[in-house]
Amino acid sequence: MKSSRLGAWVALAIGAIYFLVPLIGTFEFSLRMRRDQYSFDAYAIVFADPRFQATLGYSVMMAILTIIVGIALVVPTAYWIELRMPKARPLVEFITLLPLVIPAIVIVFGYLHLYNSSSFLPFTANERSTDVLLVCSYVTLSLPYMYRSVDTGLRAVDVRTLTEAAESLGAGWTTILFKVIFPNVRSGILSGAFLTFAVVVGEFTMASLLDRPAFGPYLQLVGANRAYEPSALAIIAFIVTWASMGLIQIFARAPKGATAAADRTT
Amino acid sequence: MPFLEIESLQKSFGAQTVVHHFEMTIDQGEFITFLGPSGCGKTTILRMIAGFEIPSAGIIRIDGKDVTRFRPNQRNVGMVFQSYALFPNLTVAGNIGFALKVAKRSTAEIKSRVEEMLHLIKLPHLADRYPRQLSGGQQQRVALARALAGRPKVLLLDEPLSALDAKIRVSLRSEIRALQRQLGITSIFVTHDQEEALSISDRIVVLSEGRTAQIGTPFEIYNFPNNRFVASFIGTLSLLPALVVDARNGRLSVDGQDVVTNRPLNGAAVGDAVTVALRPEAITLQPQSENRNNLDAVVEEVGFLGSVIRIRARLNDAVLSLDMFNNPNQPPPELGARVALSFSQDDLLVLDAAVAAA
């Protein structure tokens, strides 16, 4: 008993060291821009760089659009599969996992081949339509996270019976979707949304090859040309990601009714 | 004029037919129970009335209107589910008011109707609770109030008590019945529990393998089962092989002993082998009196259940169960004792040979 607890602590310590030491090292390095003393100069420079604000703003915008499109696509799909086509679930799960298996670079080359300015669908012809293409590609990239989160949320409530109950009370499809299904899978939708946010904000390949001014390519550019600022940026990116994770935790626990059904099914 | 009419309703899933030509008419305010073992089609018929399943053939009319092809939300039929199916994101009041809100009634009207329903189910203090904060029995009462709040034409209850523990099940079923009488709402209750069905219904529909085995009042179903399935599914019944000796006078031979029945022989002729049945409460160990049947048997088992003593007695090639009330002045017979089983000529059922074979 006692030795197994000790073993667990050792494992935890090794994990913590593996994870924390590089992080602390990066943080420490990011403070050493001024000779012989610690300072936040690197952070000041990063925050003062107009490209930092522009690219981060652009990526946040893309992330929000991706989340909206993703929710609109995934929630009704997952709901319909749970309700009417449970046999199709393995196939859809497989499809949603494909973006994890197919490298982003393959997907983006596919896009460039299909949608180049001389193709029948010239998405890359101007900046706005390229943004549309980029959002579509981000929806694809975040599909595994969004689908899984929503599907888990849907399975925790008895979707079929709740739908029937709402129907027998006179509700139509839009009422069922917005008044019954969305509120009860809210925590699933939110965790999908924050994971999507974290994925999109730091994404490099798609944005770079589609030549859009996103945060990922900016990180790479600074990393290639500067010494201390990349470390500061890495720490900032970490904080953004962690904030997303923290928000998942808060929202996944707080919803007033959504977790109740999950409790009951256990 | 009947309120709910069901005409030759049929349902198949692929090659499998689960409901065969179901026919029934139900009057306004009647409480009907569909009773049968799992897979008998009772829930499927209920779901077709609710609109969750489309019949393969047949017509359903509610209040004279053909609703067979209507969507569930166009039928104005209330439904109570086994799993309660309350909306976890809404309070008790929100759940009860859901149908009225969907129907876009005024806030004041919703509020007063919700209060009225909360009083009806005797939970006025729980309006602001969430379903997860309620016990199972409370949740099911809220589900009942939710189904009734929109004043449906028909109330459907799909095994609403199965998920509850025994004590609540009994008290809630009489509450449901009282509420149904008070509101006069036409109701259909699905269960596999025969005691529940007998205690709550105006009429019972016994179903077996997608067909109607018998429709009748609890009294008729219990005392005059049409066939072997109904007889054995409802209550305890001892089945005995018998030979017809005299068809006109109802004389039979059971285990080589003569007995007489006043019940119809269902067309059996002299020399035919039939199955006869006896309820345990029909048999006594009292000495024979006039116009009663008498069978000699050996006591094989005595079960003391408190108010009732259940005895198993063996004939040569059959076993009978009989119940006697506990009486401190009359100890039960010993194991192995020879006893005379006495029963009325009216209590010896002859089961329909044709259906018994099915």
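**Examining the overall build of chain B**
Of the regular secondary structure elements, chain B holds ten helices and 19 strands. With respect to the principal axes defined by its C-alpha atoms, chain B has extents near 75 × 50 × 35 Å. When each of the 358 residues of chain B is scored for burial, the buried share is 51%. In chain B, the proportion of contacts linking residues at least 24 apart, taken out of those at least 6 apart, comes to 67%. Carbon together with sulfur atoms contributes 49% to the accessible area of chain B, which is approximately 16,300 Å² in total.

**Some thoughts on the interface of chain A and chain B**
How big an interface is tends to be stated in terms of accessible area lost as the parts join. Across the boundary between the two partners, chain A contributes 23 residues, which contact 22 residues of chain B. Carbon and sulfur atoms supply 60% of the area buried between chain A and chain B, which totals about 2,100 Å² over both sides. The partner of Arg 47 of chain B in a salt bridge is Glu 164 of chain A, and the shortest N-O contact between them spans 2.6 Å. Between the two partners, chain A and chain B, sit six residue pairs in polar contact (both at pLDDT 80 or more). Every element with two or more residues in the side of chain A that touches chain B is listed here: helix H7 (159–168), helix H8 (173–184) and helix H13 (258–265) of chain A. It is H7 of chain A that provides the largest number of residues to the side of chain A that touches chain B, a total of seven residues. In terms of residue class, the side of chain A that touches chain B is built from ten nonpolar, seven polar and six charged.

**Points about the sheet that holds strand S2 (residues 16–26) of chain B**
The strands making up a sheet are joined through hydrogen bonds of the backbone, oriented either antiparallel or parallel. Residues and elements named next belong to chain B. With respect to topology, four strands assemble into an open sheet ordered S2-S1-S4-S5, the strand pairing being antiparallel. Each edge of the open sheet is held by one strand with a lone partner, namely S2 and strand S5 (65–66). As paired strands, strand S1 (residues 4–13) and strand S4 (residues 57–62) are joined by five bridges and run antiparallel to one another. Paired with Glu 5 across the two strands is Arg 61, which belongs to S4.

**Focus on unusual backbone geometry**
Residues and elements named next belong to chain B. At Lys 122, a residue that is not glycine, the phi angle is positive and equals roughly 60 degrees. When you line up the elements, Lys 122 lands in the loop between helix H4 (107–120) and helix H5 (136–149). By relative accessible area, which is 54% here, Lys 122 ends up exposed. Backbone geometry at Arg 151 places phi at a positive 50 degrees, although glycine is not the residue there. Mapped onto the elements of the fold, Arg 151 is located in the loop between H5 and strand S7 (154–158).

**Examining the side chain of Thr 33 of chain B**
All names here are of chain B. Following the sequence through the fold, Thr 33 ends up in strand S3 (residues 31–35). Judged by its relative accessible area of 0%, Thr 33 is buried. One polar contact links Thr 33 to Ser 201, side chain to side chain, over a distance of 2.5 Å. Leaving out residues up to four positions away in the same chain, Thr 33 has contacts with Phe 189, Thr 191, Ala 197, Ile 200, Ser 201, Arg 203, Ile 204 and Val 205.

**A closer look at the packing of helix H3 (residues 50–84) of chain A against H7 of chain A**
Residue and element names in this part refer to chain A. Orientation of H3 relative to H7, taken along the N-to-C sense of each, is 90 degrees, at an axis distance of 9 Å. Taken together, the axes of H3 and H7 lie roughly perpendicular to each other. Seen from H3, the contacting residues are Tyr 79, Glu 82 and Leu 83; seen from H7, they are Val 159, Arg 160 and Thr 163. Residues of the contact of H3 with H7, tallied by class, amount to three nonpolar, one polar and two charged.

**Side note on the confidence of the model for chain B**
As a general rule, the predicted coordinates of low-pLDDT regions are not to be interpreted in detail. Residue and element names in this part refer to chain B. Counting all residues, the mean pLDDT for chain B is 90, and 97% of those residues have values of 70 or more. Low pLDDT (under 50) marks residues 354–358, which in the prediction has two contacts with non-local residues, meaning those over four places away or in another chain. Prediction confidence for the complex, expressed as pTM and ipTM, is 0.79 and 0.82 respectively.

**Focus on the pairing of S2 of chain B**
Residues and elements named next belong to chain B. As paired elements, S1 and S2 share seven bridges and run antiparallel to each other. Along S2, the bridge assignment pairs Glu 5 with Thr 25. The hairpin turn running from S1 into S2, its antiparallel successor, is two residues long, and Gly 14 in that turn takes a positive phi close to 60 degrees.

Definitions and cut-offs
- Residues numbered from 1 in each chain as written.
- Chains lettered and ligands numbered in written order.
- Predicted model: local features only at pLDDT ≥ 70, side-chain atom pairs only at ≥ 80, totals over all residues.
- Heavy atoms only, no water.
- Helix = DSSP H or I, 4+ residues; strand = E, 2+ residues; numbered from the N terminus.
- Buried < 20%, exposed > 50% of the residue type's maximum accessible area, 1.4 Å probe, protein only.
- Contact = heavy atoms within 4.5 Å.
- Areas by Shrake-Rupley, 256 points an atom, 1.4 Å probe, with all protein chains shown as cover.
- Buried area = accessible area lost by both parts, 1.4 Å probe.
- Salt bridge = Lys/Arg side-chain N within 4 Å of Asp/Glu carboxyl O.
- Polar contact = N/O pair within 3.5 Å; in protein donor to acceptor, adjacent residues only side chain to side chain.
- Nonpolar A, V, L, I, M, F, W, Y, C, P; charged D, E, K, R; others polar.
- Pairing = 2+ DSSP bridges.
- Axes fitted to C-alpha atoms, helices over the stretch in contact; angles between N-to-C directions.
- Parallel < 35°, antiparallel > 145°, perpendicular 65-115°, else oblique.
- pLDDT = per-residue confidence, 0-100.

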